[in-house]
Amino acid sequence: MNLKNLQIFPLGKTGWASDLLVFGENITQLYGPNGCGKTPLVQAMMFCLGYPSVFRQDIYDHCSHAILKVQIKDNDFI
């Protein structure tokens, strides 16, 4: 399985969203200062893959859903 991209969508007009995060073919590195959203991105990936995740309350308050695109044997799945 190869992770292709991830996008987070806002809850309402003032919700939080992400640009389309496109993963590298071999390695993707997330970096940034504390509090910029690295952990929620990783949690969103795990949630989309079916693993249980508990987010901070502000994520539930501002984000509607996330879409993760994966590729398995040349077939894309969302």
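Structural data are supplied above this passage.
Note that this is a predicted model, so its numbers are computed, not measured. Position numbers for residues start from 1 in each chain and track the written sequence from start to end. Thresholds applied to this predicted model are a pLDDT of at least 70 for local features of residues and 80 or more for the giving and counting of side-chain atom pairs; totals over whole chains, interfaces and linings are not thresholded and use all residues. Derived side-chain values reflect all non-hydrogen atoms in the structure, with water molecules and hydrogen atoms excluded from consideration.

## Let's talk about the sheet that holds strand E1 (residues 2-10)
Each pair of strands is called paired provided DSSP finds at least two bridges between the two strands. Think of it this way: any DSSP run of H or I at least four residues long counts as a helix, any run of E at least two long counts as a strand, and we number them from the N terminus. Here 4 strands make up an open sheet; going across it, the order is E2-E1-E3-E4 and the pairing antiparallel. At either margin of the open sheet sits one strand with a lone partner, and together these are strand E2 (21-22) and strand E4 (75-77). Across 3 bridges, strand E3 (residues 63-72) lies against E4 in antiparallel orientation. Note that in E4 the partner of Gln71 across the bridge is Asp76. When checking whether two residues touch, look at their non-hydrogen atoms; a contact exists if any pair is within 4.5 Å. Each axis is a line fitted through C-alpha atoms, taken for helices only over the stretch in contact, and angles between the N-to-C directions span 0 to 180 degrees. Where helix H1 (residues 38-48) meets the sheet, its contacts fall on E1, E2 and E3, and the angle it forms with E1 comes to roughly 110 degrees.

## Concerning the pairing of E3
As judged from the 8 bridges shared by E1 and E3, these two strands associate in the antiparallel manner. The residue of E3 that forms the bridge with Phe9 is His65. Adjacent in sequence and paired antiparallel, E3 and E4 are bridged by 2 residues, among which Lys73 carries a positive phi angle near 50 degrees.

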